[in-house]
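Summary of structural features
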Amino acid sequence: MSRKALSKAISVAIIVAIVICIIAGSAYYLHISKRANFTTTTSVAATSATTSTRTSTTTRQGGAATTQYVVVVDARGKKVKIPEPVTRVIALYGMAPPFLYLLGVGNKFYGGWSWGEDFYKLVDPEFNKKIGFGRSMNVEEIVKVRPQLVIAATWRRFSKMVSQLESLGIPVVCIKIENINEIYSTISMFGKIFHKEKYANTIINYYKSIVNEVESKVKSVSTKPKVLILYYSGRHHSLRTFGGDMFQSKLVELAGGVNVAGNLSGKKGVNVEQVAKWNPDIILIIQYGVPASKTLQLIRNDPAWQAIKAVKDGKVYVVPYDGENWIDPCPKWALGLLWLGKVLHPQQFKDVNLTEVAAHFYKEFFNLSLSEVHITGNLTVSTAKG
Amino acid sequence: MDKAILKLTVFFIFLFITSLSVGRLLFPPWHANALDRTIITYVRLPRVAAASLTGAALGLAGVALQNIFRNYLAGPGILGVTSGSAFGAVLAILLLPPNPAAVQLTAFVFGLMAMLLAYYLARLAGGGILALILAGIVTSALFSACVGMVKYMADPYNKLPAMVYWLLGSFAGTKWSDLAPAVPPLLIGVVTLLLLRWVLNVLSLGDDEAVALGVNVGLFRALTIVAATLATSASTSLAGMIAWVGVVSPHIARLLVGYDNRRLVPASALVGATLLLFCDDLARTLSAAELPLSVMTNFVGAPILFAILVRRRACLAGS
């Protein structure tokens, strides 16, 4: 076959490909423009409805209402000006939407990425659709939605996207949720954005009362049990633990325990020999993707693990999980803290009825009864203890 | 000007313009509003320009290295430059404050180091094509191990995701300000290689013939290697690791214009630019989430290379 014929064949193939692209593109464009028209009309209707209730506070210029803004300082220390009312929020950072739902403004979460699928789909029937945008949303896709606000994290991975969105005039707040104070400041910032400052304070005070309770109870304890936090990572095919700089480890310390891996940083793989050297009194199992029952099985079926003190004493507990591990930096962390108290110091926390506290929490903040929430793990520890 | 190259140029320009008018936000370019114009000038144009330049640079680096080392399997990835650049970049992310220019500089320095190491190891191993390939594998493995070590030491929130993002390769979020620092080294590499295209013909003959023709082999070889490394590491620092484009583009170009480097070199640049631009278009338009660029280049590159190998065999058998 000659080169000429080949180049001819290639150019024919290229032309065919172009034609297909053009046809597909125009069909897609027609489809999109229909959908875009629909969303525009509905959002305009919604906007006019809200502005009419606010006419007393807005000045009118030539018939058009001047846009109101809410200004917040985000975790970067940057002042962000957000146009009101905020009705469409895109979350690039999966830790953000749970706190929107906590604040009762989950309906403003338009889409993006979020953790805790199994729980938040109970709160919001549209949740699964909303997180369909995936973890690395395309910038034009975001522009298409015309969000009033995009939520990202301060992490470096987001920086390119954040500066691009800002250059397009889309307000972006960056959050950071790595310790309790950052959770508080994130909640109060969200409170300010959605005009729910008072409710945000109620939530923060609720959290603070639990922290105070736990702190006063563990103040007097003399021995701090050694704790190993464990999860199975499907991606690494191994058991992993959390170092001292992680939120989960900080909660363990707050609840009067010592993280045996406190000297490590971040998430790290563990082997049984190192665990034997640490010899933890208590093992806490959490789960990401791979269920905790598998991790539990792995430990129970491995003779090497039987020599570990926690396994010998039957003190291997699965952290309550409803779609989110209670000890993760999620809205349920305070329940997790209380649970940790009960596990680490059962005597001091004898009077705490965790089931009652949890039932109250879910009813109060998510309007769900305990029977609707599917909680797995050792919620009631006292009976599980041998 | 050559007819095939002219065709390639026209096709590339066509694809360039098409790329500017497609995206997740579809609008007819002939009546674009202010937002649409912003999207074109500040989102699509820098990205399309970056993809084209990077593709051209990788295609050129590939064809230059294939000639220098007289091995059609050679490419920036195979000789360890990409792994070296990757190591330099993750090291910069780990140790230095956030600064794209620093990442780029270390990526370049380590890319050059990897290339020299591979070359030196090949010499130690006795020279020849096989020694070179093996030395490239050794260098790649060494730097990949170093990358793994650095990733292990990085914190899981801030630096590790930044590294992973970088290693996967992506043009997402490319702004004019990201493109600016990468353009000078890219352009220097691209222009140098384009100017050196006649030398490549001589160098590919082998040292003895080149010397007999009165060419300063050492100087031009060093110049070509530096230019190729400059182009590769600059593109790696702009978009992360991009597989296949550097190896595949020269092969496609060879089929279109033949083996004469005076035509092959510009054709490789055009094919590289077209190929990477096309892959990036797919990566940013196929779904609401960005697809990893390396996945796209593998999907597109691997079958093309295979088809070419089959065709080439048919050509050889037929002639």
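Residues numbered from 1 in each chain as written. Chains lettered and ligands numbered in written order. Predicted model: local features only at pLDDT ≥ 70, side-chain atom pairs only at ≥ 80, totals over all residues.

Side note on the domain arrangement of chain A
It is common to give the size of an interface as the accessible area lost on bringing the parts into contact. Residues and elements named next belong to chain A. For chain A, the assigned domains read domain 1 (65-201) and domain 2 (220-384). Just the C-alpha atoms count here: the centres of domain 1 and domain 2 sit 29 Å apart. The interface is formed by 16 residues belonging to domain 1 together with 14 residues belonging to domain 2. Going through the elements one at a time, helix 2 (96-102) and helix 3 (117-123) are the ones with two or more residues in the side of domain 1 that touches domain 2. Of the residues forming the side of domain 1 that touches domain 2, the biggest block, 6 residues, is contributed by helix 3. For the side of domain 1 that touches domain 2, the per-class residue count stands at 11 nonpolar, 2 polar and 3 charged. (Domains from an automatic or database assignment. Contact = placed C-beta atoms within 7 Å. Helix = DSSP H or I, 4+ residues; strand = E, 2+ residues; numbered from the N terminus. Nonpolar A, V, L, I, M, F, W, Y, C, P; charged D, E, K, R; others polar.)

Observations concerning the nonpolar core
Counting residues in hydrophobic clusters, the biggest one holds 203 residues, and the most contacted among them are Leu92, Ile151, Ala152 and Ile285 of chain A together with Leu60 and Ala231 of chain B. The element that contributes the greatest number of residues to this core is helix 2 (residues 34-68) of chain B, accounting for 15 residues. Formed jointly, this core draws a minimum of three residues from each of two domains, domain 1 (65-201) and domain 2 (220-384) of chain A. Once you skip the residues sitting within four places of it in the chain, Ala152 of chain A turns out to touch Leu92, Tyr93, Phe158, Met161, Val162, Val172 and Cys174 of chain A. (Core = buried A, V, L, I, M, F, W, Y, C linked by C-beta atoms within 7 Å. Buried ≥ 20, exposed ≤ 12 C-beta atoms within 10 Å, placed from the backbone.)

What to know about the sheet that holds strand 5 (residues 89-91) of chain A
Residues and elements named next belong to chain A. Pairing is parallel across the open sheet formed by 4 strands, whose spatial order is 6-5-7-8. Where the open sheet ends on each side, the last strands, each with one partner, are strand 6 (109-112) and strand 8 (172-175). Going across the sheet, the axis of each strand differs from the next one's by a mean of 25°, ignoring polarity. Bridge count between strand 7 (residues 149-153) and strand 8: 4 bridges; the pairing is parallel. Residue Ala152 lies in a different strand from strand 8, and its bridge partner there is Cys174. The strands that helix 6 (residues 159-167) touches are strand 7 and strand 8; relative to strand 8, the one it contacts most, it runs at about 155°. (Pairing = 2+ DSSP bridges. Axes fitted to C-alpha atoms, helices over the stretch in contact; angles between N-to-C directions.)

Section: the pairing of strand 13 (residues 282-285) of chain A
All names here are of chain A. Of the two faces of strand 13, both are covered, the one formed by Ile282 and Leu284 as well as the one formed by Ile283 and Ile285. Of the strand pairs in this sheet, strand 9 (residues 226-233) and strand 13 are connected by 4 bridges, and their pairing is parallel. By the bridge assignment for strand 13, Val227 is matched with Ile282. Bridge count for strand 13 against strand 14 (residues 316-318) is 3 bridges, and the pairing is parallel. Following the sheet pairing, Leu284 is matched in strand 14 by Tyr317.

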